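Structural overview
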Amino acid sequence: MPGILITDDTAFMRMTLKNILTKNGFDIAGEAADGNEAIEMYKSTRPDLVTMDITMPNLDGITAIKEIMKVDPSARIIVCSAMGQKALVIDALNAGARDFVVKPFQPDRIVDAVKKALTA
Amino acid sequence: MSELAKKQGLQVVVFRLSNEEFAIDIQQLREVLKYVDITRLPQTSHFIEGVINLRGDVIPVIDLRKRFGICEGTIDARTRIIIVEITDQLLGLVVDQVSEVLYFSGDQIQDPPKGIIGDKSRFIRGIGKKDNRLIIILSPDMVISSEEKVELRELLPEQEAVA
Amino acid sequence: MSCGSCCLSKRQWPEIQLIGGAAVDINEYRDIFLAESREYLQNLNDSLLRLEKEPENLELIQQMFRSAHSLKGMSATMGYDCVMKLTHEMENLLQLLRDGSLCLSKELADVLFSSLDALEAQLASVENGEKDAVSVLPVLEKLSAACSSAQAAKGLPHFAGNNGESRLASEPFALEEFEKVIIREAFALGDNVYWLEVNISKDSLLKSVRAYMVIKALEEHGTLLKVKPSISELEEDKFDHAFHVLYQTAVSEKEVVSKIYDILEIERVRVEKINESQLFTAGAGGDIVTGSFRTIPQVETPSSTRVSLLDKTVRVDTSKLDTLINLVGELVINRTRLVELGRQSSDLGIAEAAEQLDRITSDLQSAVMKLRMVPIKQVFDRFPRMVRDLGKDMGKNVRLEIVGDTTELDRSIVNQIGEPLVHLLRNAVDHGIETEEERKKAGKSPEGHIRLEARHEGSYVAIEVKDDGRGLNEELIIEKALRQKIITREEAEKKKGAAVYSLIFENGFSTAEEVTDISGRGVGMDAVKKIVEKLNGLIDIQSTPGKGTNITIRLPLTLAIIKALLVTAGGETYAIPVENVSENLYIHADDIHDIYRQKVISLRNEVIPLVPLEKSLFGRDNLQWDCEVPAVIVTAGEKKAGLLVDQLLGQQEIVIKALSSMLGKIKGIAGATILGNGRVALILNVATLT
């Protein structure tokens, strides 16, 4: 079972997310540190869901979402944003993200968002 | 001697140096080794015999005879190295013979004697008395941490020193 | 979340909720948070230093913005309020730099530098377990003052507050005439028209985006006839958790509601079906639906690379690493023992297996040793900032050039070498580099130059601190050494050049007399030398008056396993690190000369003093002088000597074991190792052997 692909440029955030998700019974398909990695890993692992940070080096999250949607128009992507990134979140949603969560992460929010995105 | 030891008593390992009987608290004992070759260390106190390999750790060894100014004895089949633990570090003590494990009840332990020539009571945790035997319970940490010269007779209880 | 020491009362902070304590244990993350935060902080420092020189470099601002942003996210997650606020303000300021509202002035750079210092202090207090202990208020105020002044100049409100002109959405609809026409047309088509009230959860962090998601979902299945507050107001957060939509759709009321509830953080949806008669009860005037949210152009430039080794690495607790190294050390010792047994055995199979094990162990050992190696960049990275600040404080114009910061060294060495280097660099700025006027007078460029270089030299790493300052003054050094009674007048007369310069490393040379804020401070160059020697390293000094000073520290690549020459003397085996061995030879008694009661030999026109090892260590001279004596020519820095021994046993790799701290430091001995036969052999410290 493929599980969830976590994308964030900070190892800390990846770990936080991973812990929250695994503690709630989700499988982790992989971890990507930038948009390019996310695209590559999406192609190779075909995860059920992607969590996508917006601000990342090399390739930002929004571009990555667009690319992933080209590969798989049914891709389920949740954007992870910081406060004050409203416009970027909207861009991400327009690019195809299903939902968004705001950092700092609240475990139940994330779990809700993931569950919802997976069942939709 | 701590109040606790006086109440609960103390289990010790008894060893010999020359003709005297000494002991250390069994809590401080890690193991007893047969005598092994000791690598000499330069420019250290005369009583530091050197270092040995204890399963990959290099630990210093003190010759208690030299430490207490007893004339050098011979190394024979009964010579032992007692490994004691002092604040997380290991230290070896060369003794002539390890004889037994003894239990002293609280009332069998006396405080170190005071008022003898140059107070060396710091080296002693107490004096154990049992069946007409007087056994000096050593405080091993002082043995290495202090450079102070100490003679065997200074450690002995007064009555014995007189006798 | 309270933070008494650092709250800005005049400002409303976005409401944040901590990770639920039950779900996530903060301490679990603290180490990685700290490690990663420090990387970002270093990045910010580096970028800011460069930005000072290239204020137009948007790439750098972008990079800083991203680092600050990541730090903000991480610290908010951890509940480190002060770090979060600091980075939030920095982000604001960087945003202004990015969009050109501000230019990086010297003052602004100082504000940013001081906020980086505050960040560092915050991280330190996090490390010490004191959350939000240090006040960041002054720095926050400076940052926000810098922001406000720029925004005032631009005529912008400082903070786009979300509590400004929010309108309650419970007013009745007001429709324009043409809207009524549209609604009638909808009825004519058989569509339903609903009046929706959507309440977004109070703790939603981006409620405007939630509103946008609702609107987007509705648009998929129908037409939004009217949104109140207007979409642009929703976008700007000018609403109070609830908004209204007049919605035309073919789908049922139930479906509409479930579509909205599919979106997270929707607290409540109320629906009322509109009939034609209701339409005309409302008054006139009001907002007109004007299309969708405007799309804000993306400002990210996704090309720069963060200078980081984070990706594709695993963080491992160093104690685990050390355990591994120790185990490999044990393996190496046993390997040696087995190989010896293999050689003695007549069984070829055993000998062969022992040899194979020997090879594999060697490979394993070098692989494990590489795990301990880290680039010296870790230490060098903080120096540009330090030299900048020092130079600024002293009114000197100094440029620090760093070369070879990717050179790798054992991590335990890297951890300890920082302090000596700080001292050398401080000295270079304080005593070495002249003021701009002095430099001009001396015909030098006004900008002082310090070069910090790391490079490999065999199994050593050399670290060189070279300045183009005034150089050392031989006479002053001698005068001072005499005054401090470090040397006698006779000794002074014999000394020249490097021998004089090395006096500054002597204990007690640096004294309170020259305590400036920068150098001095009681710790002198003797402390530098002590640390270097503790690391089995060497220190050399060269200087040319008027041209500059050059101090080179040479350190072994690794501390744990070294190649050594084994010798015997007085019945004991000793290990001499091969770095210190220049050659072995047998000296014939006839070749030994006496000069001033010192036995010497002449080797290729060089006079080398001879030191019987046993005598040097134990004061006993047991050497037979009437035959050939094996000798090892050892070097330590510029010093050379011939150690006379009983036997030369050959080279071997040995694992260094520290001597018990109960023994204190022993002159001439660097440590111990365990030989193949299980015995302990002492490792000589040639530099301190006399």
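Preceding block: the structure.
Residues numbered from 1 in each chain as written. Chains lettered and ligands numbered in written order. Predicted model: local features only at pLDDT ≥ 70, side-chain atom pairs only at ≥ 80, totals over all residues. Heavy atoms only, no water.

1. Topic: the overall build of chain C
For clarity, the cut-off: Numbered from the N terminus, helices here are DSSP runs of H or I no shorter than four residues, and strands are runs of E no shorter than two. When accessible area is computed with a 1.4 Å probe and restricted to protein chains, residues below 20% of their type maximum are described as buried, those above 50% as exposed, and intermediate ones as partly exposed. Here, two residues are considered to be in contact whenever any of their heavy atoms come within 4.5 Å of each other. Surface accessibility in these figures is a Shrake-Rupley result with a 1.4 Å probe; residues are shielded only by whichever protein chains are displayed.
Of the regular secondary structure elements, chain C holds 20 helices and 22 strands. Classification of the 690 residues of chain C by burial places 49% in the buried group. Long-range contacts, defined as pairs at least 24 residues apart, comprise 71% of the intrachain contacts of chain C with a sequence gap of at least 6. Just so you have it, chain C exposes about 32,800 Å², and 51% of that area is on carbon and sulfur atoms.

2. Overview of the nonpolar core
As a reminder of what qualifies: Here, nonpolar core means buried Ala, Val, Leu, Ile, Met, Phe, Trp, Tyr and Cys residues that are tied together by side-chain atoms lying within 4.5 Å of each other.
The biggest cluster of nonpolar side chains holds 65 residues, and the ones touching the most others in it are C:Phe33 and C:Leu119. In this view, C:Leu119 contacts C:Leu41, C:Leu44, C:Leu71, C:Val83, C:Leu86, C:Thr87 and C:Met90; residues no more than four positions away in its chain are not counted. In terms of nonpolar packing, the next biggest core, distinct from the first, is built from 63 residues, B:Val51, B:Val58, C:Val645 and C:Ile669 among them.

3. Observations regarding the pairing of strand 2 (residues 20-25) of chain B
Residue and element names in this part refer to chain B. The condition is simple: DSSP bridges decide pairing: two strands pair if at least two such bridges lie between them.
Burial runs high along strand 2: 6 of the 6 residues are buried. The antiparallel hairpin formed by strand 1 (residues 10-17) and strand 2 contains 2 residues in its connecting segment, where Ser 18 sits at a positive phi of about 55°. Bridge count between strand 2 and strand 11 (residues 133-138): 2 bridges; the pairing is parallel. Paired with Ala 23 across the two strands is Ile 137, which belongs to strand 11.

4. Side note on the side chain of C:Glu572
All names here are of chain C. Rules: Within 3.5 Å is the distance limit for a polar contact, defined as a pair of N or O atoms, with the added protein rule that one can donate a hydrogen and the other accept it, and that residues adjacent in sequence qualify only through two side-chain atoms.
Within the secondary structure, Glu 572 sits in strand 13 (residues 572-577). Given the relative accessible area of 5%, Glu 572 is considered buried. A polar atom in the side chain of Glu 572 sits 3.0 Å from the side chain of Arg 679.

5. Some points on the interface of chain B and chain C
For clarity, the threshold we go by: For any pair of parts, buried area is found by adding up, for both, the accessible area (1.4 Å probe) each one loses once the two are put together. Here a salt bridge means any side-chain nitrogen of Lys or Arg lying within 4 Å of a carboxyl oxygen belonging to Asp or Glu.
The interface is formed by 21 residues belonging to chain B together with 25 residues belonging to chain C. Here chain B meets chain C over a buried area of about 2,000 Å², counting both sides, of which 61% is carbon and sulfur. Considering only the side of chain B, the residues that lose the most area to chain C are B:Arg40, B:Pro42 and B:Val58, jointly responsible for 33% of the buried surface there. In this assembly, chain B and chain C are joined by 3 salt bridges. Notably, a salt bridge pairs B:Arg40 with C:Glu614, separated by 3.3 Å at the nearest N-O pair. Linking chain B with chain C are 8 residue pairs in polar contact (both at pLDDT 80 or more). Mapped onto the side of chain B that touches chain C, the elements with two or more residues apiece are strand 4 (48-54), strand 5 (57-63) and strand 7 (89-95) of chain B.

6. Digging into unusual backbone geometry
Generally, phi is negative for residues other than glycine and the peptide bonds are trans, each holding for most cases. Residues and elements named next belong to chain C. A cis amide bond links Lys 228 to the next residue, Pro 229, at an omega of -5°. The residue Pro 229 is located in the loop between strand 2 (222-228) and helix 8 (231-235) in this model. Here the phi dihedral of His 241 falls at roughly 75°; this positive angle occurs in a residue that is not glycine.

7. Re the sheet that holds strand 21 (residues 669-674) of chain C
Residues and elements named next belong to chain C. Put simply, the rule is: For every element, the axis is a line fit to its C-alpha atoms; helices are fit only across the contacting stretch, and the angle between N-to-C directions ranges from 0 to 180 degrees.
Strand order in the open sheet made by the 5 strands is 20-12-13-22-21, with mixed pairing throughout. Strand pairing shows two members of the sheet lacking a second neighbour, strand 20 (647-655) and strand 21, which therefore form its edges. Taking each pair of neighbouring strands and ignoring which way they run, the sheet shows an average axis angle of 35°. Relative to strand 13, strand 12 (residues 561-569) runs antiparallel, the two being bridged by 6 bridges. Of the residues in strand 13, the one forming a bridge with Val 567 is Tyr 574.

8. Overview of the packing of aromatic side chains
Heads up, the condition is: Whether two aromatic rings pair depends on their centres lying within 6.5 Å, for rings of Phe, Tyr and Trp, where Trp uses its six-membered ring; planes under 30 degrees apart make the pair stacked, over 60 edge-to-face, and the rest tilted.
Considering all chains together, one arrives at 6 aromatic pairs over all chains under this definition. Here the aromatic rings of A:Phe12 and C:Phe33 are separated by 5.5 Å at their centres, their planes lie at 65°, and the arrangement is edge-to-face. Residue A:Phe12 is located in helix 1 (residues 11-23), and its partner C:Phe33 is located in helix 1 (residues 26-53); the two belong to separate chains. By relative accessible area, A:Phe12 is classed as buried at 0%. Judged by centre distance (5.1 Å) and plane angle (55°), the ring pair of C:Phe33 and C:Tyr80 falls under tilted. Taken as a pair, C:Phe33 in helix 1 and C:Tyr80 in the loop between helix 2 (58-78) and helix 3 (81-98) lie far apart in primary sequence, 47 residues in all. We note that C:Phe33, like C:Tyr80, is buried.

9. Quick notes on the sheet that holds strand 7 of chain B
What links the strands of a sheet is backbone hydrogen bonding, and the strands pair in either a parallel or an antiparallel sense. Residues and elements named next belong to chain B. An order of 3-6-7-5-4 is seen for the 5 strands of this open sheet, with the pairing classed as mixed. With partners counted over all chains shown, the strands left at the sheet margins are strand 3 (29-34) and strand 4, one partner each. Going from strand to strand, the sheet's axes swing by 30° on average, the running direction of each strand aside. Of the strand pairs in this sheet, strand 6 (residues 80-86) and strand 7 are connected by 7 bridges, and their pairing is antiparallel. Residue pairing across strands places Arg 80 opposite Val 95, the latter belonging to strand 7.

10. Side note on the pairing of strand 12 of chain C
Residues and elements named next belong to chain C. Within strand 12, 8 of the 9 residues are buried, which leaves it mostly tucked inside the rest of the structure. Relative to strand 20, strand 12 runs antiparallel, the two sharing 8 bridges. Opposite Ile 562, over in strand 20, you have Ile 654 as the bridge partner. Linking strand 12 back to strand 13 in an antiparallel pair, the connection comprises 2 residues, with Gly 570 at a positive phi of about 55°.

11. Examining a nonpolar patch on the surface
Our working definition: To count toward a patch, a residue needs a relative accessible area above 30% and no salt bridge. Like charges then connect within 9 Å, nonpolar side chains (Val, Leu, Ile, Met, Phe, Trp, Tyr) within 5 Å.
Together, C:Leu338, C:Leu341 and C:Leu357 make up a nonpolar patch on the protein surface, roughly 240 Å² of accessible area in all. Residue C:Leu341 is classed as partly exposed on the basis of its relative accessible area, which comes to 49%.

12. Observations regarding the environment of B:Arg65
Residue and element names in this part refer to chain B. When you line up the elements, Arg 65 lands in helix 2 (residues 64-67). Assessed through its relative accessible area of 12%, Arg 65 is described here as buried. Put simply, Arg 65 and Leu 93 are 28 residues apart on the chain and 9.5 Å apart in space, counted from C-alpha to C-alpha. Residues in contact with Arg 65, not counting those within four places in the same chain, are Leu 17, Ser 18, Ile 70, Cys 71, Glu 72, Gly 73 and Asp 96. There is a polar contact of 2.6 Å between the side chain of Arg 65 and the side chain of Asp 96.

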